[in-house]
Amino acid sequence: MSLLIISLKSSSFFELRQQVRQAAALADWIEIRLDLMPNESISDLMSLSQLTTLPILWTLRTTGQGGAFEGSSTEYLARLRELLTWNPAWIDLEAWVHLEDYQTLVELSPQTGWIVSWHELAPFSQNLENYYQQLIRLPATYYKLALFVHTAVDSLRLLDFAKEKNQQVSSLCVIGLGKQGQSTRILAPVVNCPFTYAALSKKRKTALGQLTAYELLKTYHWRDLNSQTQLFGLIGHPVHQSLSHLTHNAVFKEAHLNAVYIKFELDAKDLSPFLVQFQQLNGQGLSVTMPFKEEIVQFLTEPIPYLTCNTLAWKNQCLVGTNTDGIGTLNALGIPVEDEKVLILGAGGAAKAIAQTAVQQGAQVAILNRTPQKADQLAKQIGGKSGSLKDFKTFQKAGFHLIIQATSAGMGNHDTPIPPDQLDSNSRVIEVIAWPEETQFLKNARKIGCETISGREVFIQQALEQLSYWFGSQLDRLLVEKTLRRKIEESTVCVRESQLQGNLRLPASKSHSIRAILLATLCQGISSIQHLLLDSPDIQVALQASQQLGGQINYTTDSVTIQGVAGHPHLSSKIIDVGNSGQVLRFAGALAALSSQEVILTGDLSIRTQRPVQALIEGLHQLGVETLSIAKNGYAPYLVKGPLSPGKVTMNGKDSQPVSALLMAAAFVEGITTIQVMQAGEKPWLQLTLSWLDRLHVNYTHQGLEYFKIQGQPIRAPFQTTIPGDWSSAAFILVAALITHSTVTIEQVPFDDVQGDQAIVPLLQQLGAQISVDREKGELTVHPSPPLKGGIIDVNAIIDAVPILAVLGCFGIEKLILVNGAIARQKECDRLHCIVKELKKMGAIIEETADGLTVSPSSLHGAIVKSYEDHRIALALIVAGLATPEETLVQSTACIRKSYPHFVQQLQELGACIDEEIA
Ligand code: ATR
């Protein structure tokens, strides 16, 4: 078993103490680099041992060995002698020390263990045995050989050497310094190295090419690796953009396969020696990317039926291969392409494999390329038509409506091979580029109403085929597909202490957007909605629900028009899947009840377990609707069969959405409906719904938002609207600016809107925040403010602000007590419980009460925290990370797309140190 040593350095003793605590949660040992902390006394540093039960390794790396200690050899030994008076657990000793000097040191503290090390940045030498002999001159428990490696082949050679030396006793640790040497760190347990080193965070790397402990443990499942582990990897140039190491390793873990997958950047000249070395280390398979897909074919021992190869495997000592690009792309389509007219854009490696596979499956293929000669050549090879990208329209007219985008245009930029006006809305479009998730080409296609399949789907199908090629029937394909999908949809945000500065505009309000879409669906005629939050999955499901209710949608740049059903939904589907949207779950259900057709509303796991529909079911029932929770547990899936009639309802309104849902439905049914709300809560959201009824000229009265009388009618005129910015999102920006003592201005603030979360501004001001409000200009500016006061806050009316107020409380000078917020437990997750759990990981002094939180001033530090797939938890934790001295990793942040898709990008533009990557 190999040990994980986290190597620490810091500019302050205080931070180092925090790092020791953080490292203790992940490491087996901790290394303190004395040479990187020259201003601290040994006695202070030694006190760190009291913070952890883990052994500490003390290292004083000299400049000659790549460290920062500039003293002479005499000074080096003197410093070690001083250290030894404290009986340290382990010391790293550089191998140039004379044997006699070493023996004297050993006698000073017989309990101390020794690692003899040698570091070299000079060009890699083949003669590893010489280095080894130099090391073992000094008898020690462990030896460490760290050499700079320029190629992946050298890295594998080092590993092979360690494997041989560690056969009997695990005593030699090899490290390939530099980016090309990362495999030596990952594969330490595979070649029986006694340990390897990792950094606590990306910012704190202590050696070239060092990985973080998080990467080793979470990405490579380092603790599961051993001498039996099978090796897989990716070869190409460049490989940094590929995320296959994240997906494939996740599959290995999930499928209990003793295997690991590593990316290797290679030069063409290294291909041949690499294949030899890789196989020697139990290499079983490789993914191949550009520029080797054609070149690699010559290394295969058996011919393959493809022009290019993207998958290699060693089977019975023979190197065999296949290409999964084509089959992956066509599988993503979900239906056979036999007799289809398929138009492929591009004539590179990916296009070749796809064209060939499509022809094999019986499709008629045409290839269009920027350089038409290459398209002609490929068309000749496979038997198809060809042309230039400029011929696109002609081919569409000739019936080529299945379009596969296989050029590299749009990879990391906004290029598109075809201008938007060329696309036909009845085309089906597949994108091969997986990152970004939606290329400009795909966005254009989606907006004009084409059916689109993203590159992520293609990647998943391609990877599934590749993994099946390697593992055959051993693999549960369903499990693999699920894991790939989960991994790809997930992302992690890495945040560091930051200062912000600048202006921004808030995202469009999700609540207004959803109400606008669903109400437009019920109106008569065409409504137009500008500035929609189109990138949010909740808005996507609202639009889909609109179509399922009979709405006809047309897209333009950031707006849609909806032709409504004049109060009479005609359902085109038996199931409405609301994804993760609680609002669509309730609103679409009530509106569907205006029809006499039966429909089932369901959603993801959080919808089915966290978002009750019982109050809505009871309300609908009183209006003559047949409705029930199918599992009889008060949650979705739930069935609705109208028609809804006007009448009298008494319902629970702790959660405001069921009440809003009935208000909206009642507006479209002929006659008078009254709603008596018991335990009415979240009243500002009801106010927001009423503002929509006003816009639709609905006649209604209410008493204190607890009793409503609505005069309904099916026919209502359409409307034109621009969705205002989202006040719930503003809270995250305001708090981010406050806790980082920054100056940030929010523009186009909807001061005149009814959104209840506006109340956040006076609340923060009351706590001492310096926020200037310019209603005329529509601007809010946060100025650096003294730490905020505390107090008791009733959060019922600003319930979505609970997680971010919890963060704010940690940075105050007094206790902040949030009350009347029990409904926060029934959002995407139990927000009271989850925010407490995660902020505690960051050192917060915070407690959960039955209906709120008690937050004390705390000194937060970085940590690995998670969102529970709840956007407001994710956003709050990211904000917390902006004001902590150590790096914070927030896992599962894809959910922020729900309400604030461009949050990370906006923070980056304000100067935040923040990166988004998939988990
Ligand atoms: P891959 O292996 O990913 O297919 P490749 O072999 O380098 O990569 O092929 C890239 C393809 O994208 C080519 O068809 C290329 O067109 P050319 O043959 O004219 O070079 C196409 N391509 C790259 N950038 C493009 C752009 N901006 N617009 C249109 N086509 C582009």
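Check the entry above for the structure.
Residues numbered from 1 in each chain as written. Predicted model: local features only at pLDDT ≥ 70, side-chain atom pairs only at ≥ 80, totals over all residues. Heavy atoms only, no water.

Chemist: What is the right way to look at the overall build of the protein in this model?
Modeler: Tallying secondary structure elements over the protein gives 30 helices and 43 strands in all. For the protein, the C-alpha atoms occupy an extent of roughly 100 × 75 × 50 Å along the three principal directions. Taken across its 919 residues, the protein has 61% of its residues classed as buried. For the protein, the share of sequence-separated contacts (at least 6 apart) that also reach a separation of at least 24 residues comes to 71%. Of the roughly 34200 Å² of accessible surface on the protein, 50% is carried by carbon and sulfur atoms. Of the side chains in the protein, 74 bear a positive and 86 a negative charge, and the two mean positions are spaced by 3 Å. (Helix = DSSP H or I, 4+ residues; strand = E, 2+ residues; numbered from the N terminus. Buried < 20%, exposed > 50% of the residue type's maximum accessible area, 1.4 Å probe, protein only. Contact = heavy atoms within 4.5 Å. Areas by Shrake-Rupley, 256 points an atom, 1.4 Å probe, with all protein chains shown as cover. Lys, Arg positive; Asp, Glu negative; His and termini not counted. Charge placed at Lys NZ, Arg CZ, Asp CG, Glu CD.)

Chemist: Is there a simple way to think about the side chain of His531 in this case?
Modeler: Following the sequence through the fold, His531 ends up in the loop between β22 (526–530) and α19 (537–548). Accessibility expressed as a relative area gives 13% for His531, which makes it buried. Of the polar contacts made by the side chain of His531, one reaches the side chain of Arg505; its length is 3.2 Å. (Polar contact = N/O pair within 3.5 Å; in protein donor to acceptor, adjacent residues only side chain to side chain.)

Chemist: Looking at this structure, how should I read the packing of helix α25 (residues 727–739) against helix α29 (residues 871–881)?
Modeler: Helix-helix packing is described using two parameters, namely the angle between the two axes and the distance between the axes. α29 packs onto α25 with a crossing angle of 15° between their chain directions and a minimal axis gap of 9 Å. Between α25 and α29, the crossing angle belongs to the class labelled roughly parallel. Judged by the sense of rotation from one axis to the other, the crossing of α25 with α29 is right-handed. Where α25 abuts α29, its residues Ser728, Phe732, Val735, Ala736 and Ile739 lie against Arg872, Leu875, Ala876, Val879 and Ala880. (Axes fitted to C-alpha atoms, helices over the stretch in contact; angles between N-to-C directions. Parallel < 35°, antiparallel > 145°, perpendicular 65-115°, else oblique. Left-handed = near helix turned anticlockwise from the far one by under 90°.)

Chemist: Would you take a moment to explain the packing of helix α11 (residues 325–333) against helix α16 (residues 455–471) for this structure?
Modeler: Where α11 meets α16, the axes come as close as 7 Å, and the angle between the chain directions of the two elements is 130°. The orientation of α11 relative to α16 falls into the category oblique. Note on packing geometry: the crossing formed by α11 with α16 is right-handed. Contacts between α11 and α16 pair Asp325, Ile327, Gly328, Thr329, Asn331 and Ala332 from the former with Glu457, Val458, Gln461, Gln462 and Glu465 from the latter.

Chemist: Even after reading the chapter, I still don't get the site of the ligand, so can you show me in this structure?
Modeler: Neighbouring the ligand are 14 residues; Ala347, Asn369, Arg370, Thr371 and Lys374 lie closest to it. Gly349 has a polar backbone atom sitting 3.0 Å from an oxygen atom of the ligand. (Near = heavy atom within 4 Å.)

Chemist: Any chance you could explain the sheet that holds strand β27 (residues 626–629) here in plain terms?
Modeler: Adjacent strands of a sheet form backbone hydrogen bonds with each other and so pair up, either parallel or antiparallel. Spatially, β25-β26-β28-β27 is the arrangement adopted by the four strands of the open sheet, whose pairing is mixed. Bordering the open sheet on either side are β25 (575–577) and β27, each of which pairs with just one other strand. Direction aside, neighbouring strands of the sheet carry axes that sit 15° apart on average. (Pairing = 2+ DSSP bridges.)

Chemist: Could you clarify how one ought to interpret the environment of Ser244 in this entry?
Modeler: Within the secondary structure layout, Ser244 lies in helix α9 (residues 244–254). Owing to a relative accessible area of 4%, Ser244 belongs among the buried residues under this scheme. Sequence separation between Ser244 and Glu129 is 115 residues, and the spatial gap between their C-alpha atoms is 35 Å. Beyond its immediate sequence surroundings of up to four residues, Ser244 is in contact with Leu234, Asn249, Tyr261 and Phe459. Among the polar contacts made by the side chain of Ser244, one reaches the side chain of Tyr261 at a distance of 3.3 Å.

Chemist: How do you make sense of the sheet that holds strand β36 (residues 779–783) when you look at a structure like this?
Modeler: Pairing in this open sheet of four strands is mixed, and the strands run β21-β34-β36-β35 from one edge to the other. Either end of the sheet is taken by a strand with one partner, and the two such strands are β21 (501–505) and β35 (770–774). Geometrically, the sheet is characterised by an average inter-axis angle of 15° between neighbouring strands, direction not taken into account. Strands in contact with α25 are β21, β34 (743–747) and β36; relative to β36, the strand with the most contacts, it is inclined by about 25°.

Chemist: Explain the pattern of salt bridges here, please?
Modeler: Applying the stated criterion to the full structure yields 34 salt bridges. For Arg223, the salt bridge is made with Asp28, and the minimal N-O distance between the two is 2.9 Å. Here Arg223 is found in the loop between α8 (213–219) and β9 (230–236), whereas its partner Asp28 is found in the loop between α1 (13–24) and β2 (29–33), with 195 residues between them in sequence. Judged by its relative accessible area of 40%, Arg223 is partly exposed. Of the residues examined, Asp28 reaches a relative accessible area of 18% and is grouped as buried. (Salt bridge = Lys/Arg side-chain N within 4 Å of Asp/Glu carboxyl O.)

Chemist: Got a minute to help me understand helix α12 (residues 349–360) in this structure?
Modeler: Every α-helix winds through 3.6 residues per turn, so residues three or four apart in the chain are directed the same way. Relative to the 16 Å expected for twelve residues at 1.5 Å per residue, α12 spans 17 Å between its end C-alpha atoms, a close match to the ideal helical length. Buried within α12 we find Ala351, Lys352, Ala353, Ile354, Ala355, Gln356, Thr357 and Ala358. On the buried face of α12, the contacting elements are α11, β14 (341–345), β15 (364–369), α13 (372–382) and β17 (402–405). Following α12 by one or two positions, Gly362 has its phi on the positive side, about 90°. (Expected span 1.5 Å × (residues − 1).)

Chemist: Please explain the nonpolar core as it appears in this structure.
Modeler: Generally speaking, soluble globular proteins have nonpolar side chains that are buried together. Grouped together as the largest cluster of nonpolar side chains are 91 residues, with contacts concentrated most on Leu8, Ile32, Leu93, Ile186, Ile235, Phe274 and Leu312. In terms of residue count, the dominant contributor to this core is helix α6 (residues 152–165) (seven residues). When near neighbours in sequence (up to four residues on either side) are disregarded, Leu93 contacts Tyr76, Leu80, Tyr102, Leu105, Trp114, Ile115, Val116, Ser117 and Leu138. Core analysis: the second largest hydrophobic core is formed by 82 residues, Leu734, Leu808, Ile823 and Ala883 among them. (Core = buried A, V, L, I, M, F, W, Y, C linked by side-chain atoms within 4.5 Å.)

Chemist: Please clarify how the packing of aromatic side chains should be interpreted in this entry.
Modeler: Ring pairs (aromatic) are described by centroid distance and by the angle formed between their planes. Counting across every chain of the model gives 23 aromatic pairs. Between Phe69 and Tyr76 the ring centres are 6.4 Å apart and the planes differ by 55°, which places this aromatic pair in the tilted class. Looking at Phe69, the relative accessible area reads 16%, which means it is buried. For the pair Tyr142 and Phe195, a centre-to-centre distance of 5.4 Å together with 90° between the ring planes defines the contact as edge-to-face. Linking Tyr142 in strand β6 (residues 142–148) with Phe195 in strand β8 (residues 195–199), this pair joins segments that are 53 residues apart in sequence. Classification of Phe195 as buried rests on a relative accessible area of 0%. Cluster of aromatic residues (ring-pair linked, three or more members): Trp29, Trp90, Tyr142, Phe195 and Tyr197. Across from the ring centre of Tyr197, 4.1 Å away, lies the NZ or CZ of Lys144, which sits over that ring. (Phe/Tyr/Trp six-rings, centres within 6.5 Å; stacked < 30°, edge-to-face > 60°. Lys NZ or Arg CZ within 6 Å of the ring centre and 35° of its normal.)

Chemist: Hey, could you run me through the pairing of β6 in this one?
Modeler: When you tally the buried positions in β6, you get seven out of seven residues, the bulk of the element. The alternating pattern of β6 places Tyr142, Lys144, Ala146 and Phe148 on one face and Tyr143, Leu145 and Leu147 on the opposite face, and all of these are buried. Sheet topology places strand β5 (residues 113–120) next to β6; six bridges connect them, and they run parallel. Looking at β6, one finds that Trp118 is bridged to Leu145. With respect to chirality, the unit in which β5 leads through helix α5 (residues 128–136) into the neighbouring parallel β6 is right-handed. (Right-handed = clockwise from strand over helix to strand, strands pointing away.)

Chemist: What's the story with unusual backbone geometry in this structure? I'm lost.
Modeler: A negative phi angle is the norm for most residues apart from glycine, just as the trans form is the norm for most peptide bonds. A cis amide bond, omega 0°, links His237 with the succeeding residue Pro238. Residue Pro637 is bonded to the preceding Ala636 through a cis peptide linkage, with omega at 0°. In this fold, Pro637 is placed in the loop between β27 and β28 (638–641). Its identity is not glycine, yet Gln748 carries a phi of approximately 50°, on the positive side. With respect to the helices and strands, Gln748 occurs in the loop between β34 and α26 (760–766). Unlike most non-glycine residues, Tyr868 shows phi in positive territory, near 60°. For Tyr868, the position within the fold is in the loop between β41 (864–866) and α29.

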